[in-house]
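# Remarks on the overall topology
What follows is the residue order along each chain.
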Amino acid sequence: MEILERFLNYVAIDTESNENSDTCPSTSKQLDLADLLVKEMTDMNLSDVYVDQHGYVYGTVAANIDKEVPIVGLIAHMDTSPDFSGKDVKPNIIESYDGNDVLLNKEKNIVMKVEDFPNLKKYIGKTLITTDGTTLLGADDKAGIASILHAIDEIIKSGMPHGTVKIAFTPDEEIGRGADLFNVEKFGADFAYTIDGGEIGELNYENFNAASCVITINGVNIHPGSAKNKMKNALLIGMELNDMLPKNEVPSATELREGFYHLNDFEGNVECAKMNYIIRDHFMDSFEKRKELMNEAVMYLNKKHGVNTVSASMKDSYYNMLEKFGDNQMHIIETAEKAMEMADVMPHISPIRGGTDGSRLSYMGLVTPNIFTGGFNFHGKFECIPLESLEKSSEVVKNIIKIYAE
Ligand SMILES: [Zn+2]
(Lines give C-alpha, C1' and ligand atoms only; values in the text may rest on other atoms or scores of the structure.)
Protein backbone atom coordinates (compact mmCIF):
# COMPACT_ATOMS: atom_id res chain seq x y z
CA MET A 1 0.00 0.00 0.00
CA GLU A 2 1.25 3.48 -0.87
CA ILE A 3 1.50 6.08 1.86
CA LEU A 4 -1.20 8.22 0.21
CA GLU A 5 -3.72 5.39 0.18
CA ARG A 6 -2.87 4.61 3.79
CA PHE A 7 -3.36 8.24 4.82
CA LEU A 8 -6.67 8.57 2.93
CA ASN A 9 -7.98 5.40 4.61
CA TYR A 10 -7.28 6.88 8.04
CA VAL A 11 -8.78 10.33 7.45
CA ALA A 12 -11.98 8.69 6.17
CA ILE A 13 -12.64 7.49 9.72
CA ASP A 14 -14.13 10.12 12.05
CA THR A 15 -12.12 10.11 15.29
CA GLU A 16 -12.99 13.49 16.82
CA SER A 17 -12.36 13.49 20.57
CA ASN A 18 -14.68 15.14 23.11
CA GLU A 19 -13.42 17.07 26.11
CA ASN A 20 -16.81 16.85 27.83
CA SER A 21 -16.63 13.07 28.02
CA ASP A 22 -15.14 11.32 31.05
CA THR A 23 -14.48 8.00 29.33
CA CYS A 24 -11.26 6.90 27.67
CA PRO A 25 -11.30 6.98 24.73
CA SER A 26 -13.54 10.03 25.01
CA THR A 27 -15.43 8.93 21.89
CA SER A 28 -15.96 5.28 20.98
CA LYS A 29 -15.53 6.03 17.26
CA GLN A 30 -11.79 6.34 17.87
CA LEU A 31 -11.90 2.56 18.32
CA ASP A 32 -12.92 2.19 14.64
CA LEU A 33 -9.48 3.47 13.68
CA ALA A 34 -7.82 1.51 16.52
CA ASP A 35 -9.35 -1.71 15.14
CA LEU A 36 -8.15 -0.95 11.61
CA LEU A 37 -4.62 -0.26 12.87
CA VAL A 38 -4.57 -3.50 14.86
CA LYS A 39 -5.57 -5.36 11.71
CA GLU A 40 -2.94 -3.64 9.56
CA MET A 41 -0.18 -4.24 12.10
CA THR A 42 -1.21 -7.88 12.48
CA ASP A 43 -1.17 -8.30 8.70
CA MET A 44 2.34 -6.86 8.71
CA ASN A 45 3.34 -9.63 11.12
CA LEU A 46 4.11 -7.36 14.05
CA SER A 47 4.03 -9.04 17.46
CA ASP A 48 2.13 -8.14 20.64
CA VAL A 49 -0.42 -6.19 18.63
CA TYR A 50 -3.44 -5.18 20.68
CA VAL A 51 -5.76 -2.38 21.65
CA ASP A 52 -6.09 -2.08 25.43
CA GLN A 53 -9.28 -1.31 27.37
CA HIS A 54 -8.62 2.44 27.10
CA GLY A 55 -8.23 2.41 23.31
CA TYR A 56 -4.42 2.61 23.18
CA VAL A 57 -2.97 0.56 20.33
CA TYR A 58 0.40 -1.12 20.81
CA GLY A 59 2.63 -3.26 18.62
CA THR A 60 6.19 -4.52 18.39
CA VAL A 61 8.50 -4.96 15.43
CA ALA A 62 10.87 -7.72 16.51
CA ALA A 63 14.57 -7.14 15.82
CA ASN A 64 16.15 -9.00 12.89
CA ILE A 65 19.72 -8.51 14.12
CA ASP A 66 21.64 -10.16 16.95
CA LYS A 67 23.55 -7.26 18.43
CA GLU A 68 22.05 -5.16 21.17
CA VAL A 69 20.79 -1.78 19.98
CA PRO A 70 18.41 0.74 21.58
CA ILE A 71 14.69 -0.02 21.52
CA VAL A 72 13.10 2.89 19.68
CA GLY A 73 9.48 3.91 20.28
CA LEU A 74 7.26 5.58 17.67
CA ILE A 75 4.05 7.31 18.73
CA ALA A 76 1.19 9.12 16.99
CA HIS A 77 -2.34 9.99 18.05
CA MET A 78 -5.58 8.75 16.53
CA ASP A 79 -8.03 11.47 17.52
CA THR A 80 -8.69 14.76 15.75
CA SER A 81 -9.37 18.12 17.37
CA PRO A 82 -12.90 18.94 18.56
CA ASP A 83 -12.23 22.49 17.29
CA PHE A 84 -13.61 21.57 13.88
CA SER A 85 -15.65 18.71 12.40
CA GLY A 86 -13.76 15.56 11.42
CA LYS A 87 -16.82 13.80 10.01
CA ASP A 88 -17.07 12.90 6.30
CA VAL A 89 -13.65 14.22 5.40
CA LYS A 90 -13.40 14.47 1.62
CA PRO A 91 -9.83 15.36 0.73
CA ASN A 92 -8.91 17.22 -2.45
CA ILE A 93 -5.70 16.16 -4.10
CA ILE A 94 -4.01 18.87 -6.10
CA GLU A 95 -1.16 17.61 -8.25
CA SER A 96 1.69 19.92 -9.32
CA TYR A 97 0.39 22.85 -7.29
CA ASP A 98 0.78 26.08 -9.27
CA GLY A 99 1.32 28.53 -6.41
CA ASN A 100 -2.07 30.24 -6.74
CA ASP A 101 -5.03 30.46 -4.34
CA VAL A 102 -6.60 27.05 -3.77
CA LEU A 103 -10.33 26.67 -4.35
CA LEU A 104 -11.39 24.18 -1.68
CA ASN A 105 -15.12 24.25 -2.31
CA LYS A 106 -16.72 25.69 -5.42
CA GLU A 107 -20.30 25.54 -4.15
CA LYS A 108 -19.52 27.30 -0.90
CA ASN A 109 -16.75 29.42 -2.44
CA ILE A 110 -14.17 28.48 0.19
CA VAL A 111 -10.69 29.51 -0.89
CA MET A 112 -7.32 29.02 0.76
CA LYS A 113 -5.53 32.25 -0.11
CA VAL A 114 -1.79 32.57 -0.61
CA GLU A 115 -2.11 36.03 0.95
CA ASP A 116 -3.26 34.41 4.22
CA PHE A 117 -0.93 31.41 4.00
CA PRO A 118 2.25 32.58 2.25
CA ASN A 119 4.00 29.31 3.15
CA LEU A 120 1.99 27.71 0.30
CA LYS A 121 4.56 29.22 -2.09
CA LYS A 122 7.10 26.73 -0.75
CA TYR A 123 5.11 23.89 -2.24
CA ILE A 124 4.87 24.88 -5.90
CA GLY A 125 5.07 21.74 -8.02
CA LYS A 126 4.17 19.48 -5.10
CA THR A 127 1.02 17.45 -4.51
CA LEU A 128 -1.20 19.16 -1.93
CA ILE A 129 -3.77 17.25 0.08
CA THR A 130 -6.46 19.66 1.33
CA THR A 131 -9.99 19.51 2.71
CA ASP A 132 -13.18 20.38 0.83
CA GLY A 133 -13.59 23.32 3.19
CA THR A 134 -16.28 21.73 5.36
CA THR A 135 -14.12 19.69 7.76
CA LEU A 136 -10.59 19.52 9.05
CA LEU A 137 -8.28 17.10 7.26
CA GLY A 138 -6.94 15.06 10.15
CA ALA A 139 -3.32 15.14 9.01
CA ASP A 140 -2.90 15.97 12.70
CA ASP A 141 -2.15 13.25 13.42
CA LYS A 142 -3.19 10.59 10.92
CA ALA A 143 -0.21 11.71 8.85
CA GLY A 144 1.90 10.60 11.82
CA ILE A 145 0.26 7.18 11.83
CA ALA A 146 0.72 6.83 8.05
CA SER A 147 4.33 7.97 8.34
CA ILE A 148 5.11 5.34 10.98
CA LEU A 149 3.30 2.37 9.44
CA HIS A 150 4.57 3.10 5.93
CA ALA A 151 8.13 3.22 7.26
CA ILE A 152 7.66 -0.06 9.14
CA ASP A 153 6.11 -1.69 6.09
CA GLU A 154 9.09 -0.68 3.97
CA ILE A 155 11.60 -1.77 6.61
CA ILE A 156 10.02 -5.21 6.87
CA LYS A 157 9.65 -5.69 3.11
CA SER A 158 13.20 -4.59 2.33
CA GLY A 159 14.72 -6.78 5.02
CA MET A 160 16.70 -3.79 6.28
CA PRO A 161 18.59 -4.62 9.50
CA HIS A 162 16.78 -3.16 12.48
CA GLY A 163 16.53 -3.42 16.26
CA THR A 164 13.29 -3.80 18.18
CA VAL A 165 10.80 -1.02 17.43
CA LYS A 166 7.83 -0.29 19.68
CA ILE A 167 4.76 1.39 18.26
CA ALA A 168 1.86 3.09 20.04
CA PHE A 169 -1.17 4.99 18.81
CA THR A 170 -2.95 6.99 21.49
CA PRO A 171 -6.48 8.35 21.82
CA ASP A 172 -7.48 11.81 23.10
CA GLU A 173 -4.26 13.75 22.54
CA GLU A 174 -6.20 16.79 21.36
CA ILE A 175 -8.02 17.07 24.68
CA GLY A 176 -4.76 16.77 26.61
CA ARG A 177 -5.22 13.19 27.80
CA GLY A 178 -3.09 11.23 25.36
CA ALA A 179 -0.43 10.43 27.92
CA ASP A 180 -2.82 9.82 30.83
CA LEU A 181 -3.16 6.07 30.50
CA PHE A 182 -0.08 5.37 28.42
CA ASN A 183 1.65 2.28 29.78
CA VAL A 184 5.29 3.37 29.62
CA GLU A 185 6.59 0.28 31.39
CA LYS A 186 4.79 -2.21 29.18
CA PHE A 187 5.67 -0.18 26.08
CA GLY A 188 9.29 -0.97 26.90
CA ALA A 189 11.09 1.49 24.62
CA ASP A 190 14.34 3.18 25.70
CA PHE A 191 13.06 6.48 24.27
CA ALA A 192 10.52 7.46 21.66
CA TYR A 193 9.51 10.00 19.05
CA THR A 194 6.05 11.43 18.52
CA ILE A 195 5.41 12.01 14.82
CA ASP A 196 3.03 14.90 15.39
CA GLY A 197 4.83 18.04 14.26
CA GLY A 198 4.11 20.57 11.55
CA GLU A 199 5.97 21.49 8.40
CA ILE A 200 8.84 19.56 6.88
CA GLY A 201 12.01 19.65 9.00
CA GLU A 202 10.34 20.49 12.29
CA LEU A 203 11.98 18.94 15.34
CA ASN A 204 10.96 19.86 18.87
CA TYR A 205 12.45 18.92 22.18
CA GLU A 206 11.62 21.98 24.26
CA ASN A 207 8.18 23.00 25.42
CA PHE A 208 6.62 25.20 28.06
CA ASN A 209 6.46 24.55 31.77
CA ALA A 210 2.78 25.05 32.39
CA ALA A 211 0.45 25.78 35.29
CA SER A 212 -3.15 26.77 35.66
CA CYS A 213 -4.27 29.24 38.31
CA VAL A 214 -7.84 29.88 39.45
CA ILE A 215 -8.32 33.10 41.41
CA THR A 216 -11.44 33.41 43.55
CA ILE A 217 -12.38 36.84 44.92
CA ASN A 218 -14.98 37.25 47.64
CA GLY A 219 -16.39 40.76 47.65
CA VAL A 220 -19.00 42.48 49.78
CA ASN A 221 -22.05 43.95 48.08
CA ILE A 222 -23.98 46.82 49.53
CA HIS A 223 -26.35 49.40 48.04
CA PRO A 224 -24.02 51.70 46.11
CA GLY A 225 -25.61 54.73 47.74
CA SER A 226 -24.45 53.73 51.19
CA ALA A 227 -21.35 51.74 50.30
CA LYS A 228 -18.62 54.06 51.52
CA ASN A 229 -15.88 52.07 53.27
CA LYS A 230 -18.08 48.99 53.23
CA MET A 231 -18.34 47.69 49.68
CA LYS A 232 -15.62 45.39 48.37
CA ASN A 233 -16.09 45.06 44.63
CA ALA A 234 -14.73 41.66 43.61
CA LEU A 235 -14.47 42.74 39.95
CA LEU A 236 -12.33 45.76 40.78
CA ILE A 237 -10.12 43.68 43.05
CA GLY A 238 -9.67 41.27 40.14
CA MET A 239 -8.59 44.11 37.91
CA GLU A 240 -6.23 45.28 40.62
CA LEU A 241 -4.66 41.83 40.69
CA ASN A 242 -4.17 41.74 36.94
CA ASP A 243 -2.61 45.23 37.12
CA MET A 244 0.09 43.84 39.39
CA LEU A 245 1.28 41.39 36.70
CA PRO A 246 3.85 42.51 34.10
CA LYS A 247 1.94 44.19 31.25
CA ASN A 248 4.10 42.85 28.44
CA GLU A 249 4.18 39.27 29.58
CA VAL A 250 1.02 38.16 27.83
CA PRO A 251 0.59 35.86 24.79
CA SER A 252 0.03 38.76 22.39
CA ALA A 253 3.38 40.33 23.29
CA THR A 254 5.65 37.28 23.54
CA GLU A 255 7.31 34.74 21.24
CA LEU A 256 10.06 32.09 21.13
CA ARG A 257 11.22 31.43 24.70
CA GLU A 258 9.38 34.33 26.35
CA GLY A 259 6.92 33.25 29.02
CA PHE A 260 3.58 34.78 29.95
CA TYR A 261 0.54 35.06 32.18
CA HIS A 262 -2.66 34.58 30.26
CA LEU A 263 -6.04 35.59 31.66
CA ASN A 264 -8.42 33.47 29.64
CA ASP A 265 -11.57 33.82 31.67
CA PHE A 266 -12.89 36.50 34.05
CA GLU A 267 -16.44 36.36 35.31
CA GLY A 268 -18.44 37.47 38.27
CA ASN A 269 -20.13 40.39 39.96
CA VAL A 270 -19.54 42.67 42.94
CA GLU A 271 -20.04 39.83 45.39
CA CYS A 272 -17.83 37.21 43.83
CA ALA A 273 -15.48 36.93 40.87
CA LYS A 274 -13.38 34.20 39.31
CA MET A 275 -10.35 34.54 37.08
CA ASN A 276 -8.70 31.71 35.19
CA TYR A 277 -5.06 32.17 34.30
CA ILE A 278 -2.56 29.96 32.62
CA ILE A 279 1.12 30.49 33.35
CA ARG A 280 3.76 29.45 30.81
CA ASP A 281 7.55 29.61 30.78
CA HIS A 282 10.30 27.54 29.14
CA PHE A 283 12.68 28.02 32.08
CA MET A 284 11.97 26.30 35.38
CA ASP A 285 13.38 29.07 37.61
CA SER A 286 11.38 31.86 35.95
CA PHE A 287 8.34 29.55 35.85
CA GLU A 288 8.58 29.23 39.64
CA LYS A 289 9.07 33.01 39.96
CA ARG A 290 5.92 33.63 37.96
CA LYS A 291 3.91 31.48 40.35
CA GLU A 292 5.52 33.25 43.33
CA LEU A 293 4.64 36.67 41.93
CA MET A 294 1.03 35.54 41.59
CA ASN A 295 1.01 34.37 45.22
CA GLU A 296 2.60 37.62 46.39
CA ALA A 297 -0.05 39.65 44.57
CA VAL A 298 -2.75 37.60 46.30
CA MET A 299 -1.11 38.12 49.72
CA TYR A 300 -0.86 41.86 49.12
CA LEU A 301 -4.54 42.09 48.19
CA ASN A 302 -5.56 40.12 51.28
CA LYS A 303 -3.56 42.52 53.43
CA LYS A 304 -5.23 45.45 51.76
CA HIS A 305 -8.82 44.18 51.52
CA GLY A 306 -9.00 41.71 54.40
CA VAL A 307 -8.03 38.09 54.94
CA ASN A 308 -9.54 35.51 52.61
CA THR A 309 -10.72 38.11 50.13
CA VAL A 310 -8.62 36.55 47.39
CA SER A 311 -7.44 32.97 47.02
CA ALA A 312 -5.36 31.29 44.36
CA SER A 313 -5.51 27.63 43.42
CA MET A 314 -2.50 26.75 41.31
CA LYS A 315 -1.76 23.46 39.62
CA ASP A 316 1.16 22.47 37.42
CA SER A 317 0.01 20.96 34.13
CA TYR A 318 3.22 19.82 32.44
CA TYR A 319 6.91 20.64 32.26
CA ASN A 320 9.57 21.32 29.66
CA MET A 321 10.86 17.98 28.36
CA LEU A 322 14.31 19.53 27.86
CA GLU A 323 14.93 19.09 31.61
CA LYS A 324 14.71 15.33 31.05
CA PHE A 325 17.41 15.22 28.39
CA GLY A 326 20.61 14.27 30.14
CA ASP A 327 23.95 14.72 28.36
CA ASN A 328 23.89 11.03 27.46
CA GLN A 329 20.51 11.43 25.77
CA MET A 330 21.28 14.12 23.24
CA HIS A 331 21.88 11.30 20.75
CA ILE A 332 18.07 11.10 20.44
CA ILE A 333 18.04 14.59 18.92
CA GLU A 334 21.28 14.18 17.00
CA THR A 335 19.98 10.99 15.40
CA ALA A 336 16.76 12.72 14.33
CA GLU A 337 18.82 15.52 12.78
CA LYS A 338 21.05 13.06 10.99
CA ALA A 339 18.02 11.09 9.78
CA MET A 340 16.63 14.30 8.28
CA GLU A 341 19.90 15.19 6.58
CA MET A 342 20.00 11.68 5.08
CA ALA A 343 16.56 12.41 3.61
CA ASP A 344 17.71 15.82 2.29
CA VAL A 345 15.56 17.61 4.83
CA MET A 346 16.91 20.66 6.65
CA PRO A 347 16.20 20.22 10.38
CA HIS A 348 14.34 23.15 11.88
CA ILE A 349 14.56 23.06 15.66
CA SER A 350 12.08 25.25 17.48
CA PRO A 351 10.78 25.48 21.05
CA ILE A 352 7.11 24.54 21.30
CA ARG A 353 4.92 27.25 22.81
CA GLY A 354 2.64 24.64 24.26
CA GLY A 355 2.96 21.06 25.36
CA THR A 356 2.92 17.69 23.63
CA ASP A 357 2.16 14.21 24.80
CA GLY A 358 5.90 13.78 24.56
CA SER A 359 6.46 16.31 27.33
CA ARG A 360 4.18 14.35 29.64
CA LEU A 361 5.74 11.04 28.60
CA SER A 362 9.22 12.45 29.19
CA TYR A 363 8.23 13.00 32.83
CA MET A 364 6.73 9.52 32.99
CA GLY A 365 10.16 8.09 32.15
CA LEU A 366 10.03 7.97 28.35
CA VAL A 367 11.99 10.80 26.75
CA THR A 368 10.01 11.71 23.63
CA PRO A 369 10.85 14.55 21.24
CA ASN A 370 8.57 15.43 18.34
CA ILE A 371 9.15 15.10 14.58
CA PHE A 372 7.30 16.71 11.65
CA THR A 373 4.46 15.08 9.74
CA GLY A 374 4.66 17.75 7.04
CA GLY A 375 1.17 19.17 7.61
CA PHE A 376 0.10 22.70 8.55
CA ASN A 377 -2.95 24.83 9.44
CA PHE A 378 -4.08 22.11 11.83
CA HIS A 379 -7.49 22.06 13.57
CA GLY A 380 -9.44 23.80 10.83
CA LYS A 381 -10.70 23.77 7.26
CA PHE A 382 -7.40 25.05 5.85
CA GLU A 383 -5.49 22.05 7.11
CA CYS A 384 -3.18 20.83 4.38
CA ILE A 385 -0.30 18.45 3.82
CA PRO A 386 2.00 18.17 0.83
CA LEU A 387 2.36 14.49 -0.07
CA GLU A 388 6.12 14.90 -0.56
CA SER A 389 6.48 16.22 3.01
CA LEU A 390 4.58 13.22 4.36
CA GLU A 391 6.87 10.92 2.37
CA LYS A 392 9.90 12.67 3.85
CA SER A 393 8.49 12.24 7.36
CA SER A 394 8.25 8.51 6.75
CA GLU A 395 11.76 8.42 5.29
CA VAL A 396 13.09 10.17 8.41
CA VAL A 397 11.40 7.55 10.61
CA LYS A 398 13.01 4.80 8.53
CA ASN A 399 16.41 6.49 8.73
CA ILE A 400 16.20 6.73 12.53
CA ILE A 401 15.65 2.97 12.77
CA LYS A 402 18.48 2.43 10.29
CA ILE A 403 20.95 4.61 12.21
CA TYR A 404 20.22 2.90 15.52
CA ALA A 405 20.77 -0.53 13.97
CA GLU A 406 24.31 0.43 12.92
ZN1 LIG B 1 -1.41 16.40 16.92
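Keep in mind the model is a prediction, meaning the values are calculated, not measured.

### Thoughts on the layout of surface pockets
Here the largest pocket defines a volume of roughly 920 Å³. Those elements that place two or more of their residues in the lining of the largest pocket are strand E9 (191–197), strand E10 (202–204), strand E14 (310–318) and helix H8 (357–363). Top element by residues in the lining of the largest pocket is H8. It accounts for three residues. Partitioning the lining of the largest pocket into residue classes produces five nonpolar, 13 polar and 10 charged.

### Brief notes about the coordination of the zinc ion
The coordination sphere of the zinc ion, as far as protein atoms go, consists of His-77 (NE2), Asp-140 (OD), Asp-196 (OD) and Asp-196 (OD), spread over 1.9 to 2.7 Å. Taken together, the four donor atoms coordinating the zinc ion span angles of 51 to 147 degrees at the metal, a pattern that classifies the geometry as irregular. Donor residues for the zinc ion sit on one chain with the sequence pattern H-x62-D-x55-D. With a gap of 119 residues between them, His-77 in strand E3 (residues 72–77) and Asp-196 in strand E9 connect regions that are remote in the sequence. Comparing His-77 with Asp-196 shows no difference in burial state: the two are buried.

### A look at the environment of Cys-213
Looking at where Cys-213 falls in the secondary structure, it is placed in strand E11 (residues 209–218). When its relative accessible area of 1% is taken as the criterion, Cys-213 is described as buried. Measuring from C-alpha to C-alpha, the distance between Cys-213 and Met-314 comes to 4.3 Å, with 101 residues separating the pair along the chain. When neighbours within four sequence positions are excluded, Cys-213 is seen to be in contact with Met-275, Asn-276, Tyr-277, Ile-279, Met-294, Ala-312, Ser-313 and Met-314.

### Examining the sheet that holds strand E16 (residues 370–372)
Strand order in the open sheet formed by eight strands is E1-E2-E8-E3-E9-E16-E10-E15, with mixed pairing between adjacent strands. Two strands in the sheet have a free side with no partner beyond their single neighbour: strand E1 (47–51) and strand E15 (348–349). Packed onto the sheet, helix H3 (residues 139–158) meets strand E2 (57–61), E3, strand E8 (165–170) and E9 and runs at close to 145 degrees relative to E3. Across the sheet, helix H9 (residues 387–405) touches E3, E8, E9 and E16, and the angle it forms with E16 is around 135 degrees.

Parameters and conventions
- Residues numbered from 1 in each chain as written.
- Predicted model: local features only at pLDDT ≥ 70, side-chain atom pairs only at ≥ 80, totals over all residues.
- Heavy atoms only, no water.
- 1 Å grid on protein atoms, 1.4 Å probe; cavity = no way out; pocket = protein on both sides within 12 Å on 5 of 7 lines; lining within 4 Å.
- Points joined across faces, edges and corners; volume = space filled by probe spheres on them.
- Helix = DSSP H or I, 4+ residues; strand = E, 2+ residues; numbered from the N terminus.
- Nonpolar A, V, L, I, M, F, W, Y, C, P; charged D, E, K, R; others polar.
- Donors = N, O, S within 2.8 Å, 3.2 Å for Na, K, Ca; no water.
- Tetrahedral: all angles 85-135°; square planar, octahedral: opposite > 155°, others 65-115°.
- Buried < 20%, exposed > 50% of the residue type's maximum accessible area, 1.4 Å probe, protein only.
- Contact = heavy atoms within 4.5 Å.
- Pairing = 2+ DSSP bridges.
- Axes fitted to C-alpha atoms, helices over the stretch in contact; angles between N-to-C directions.

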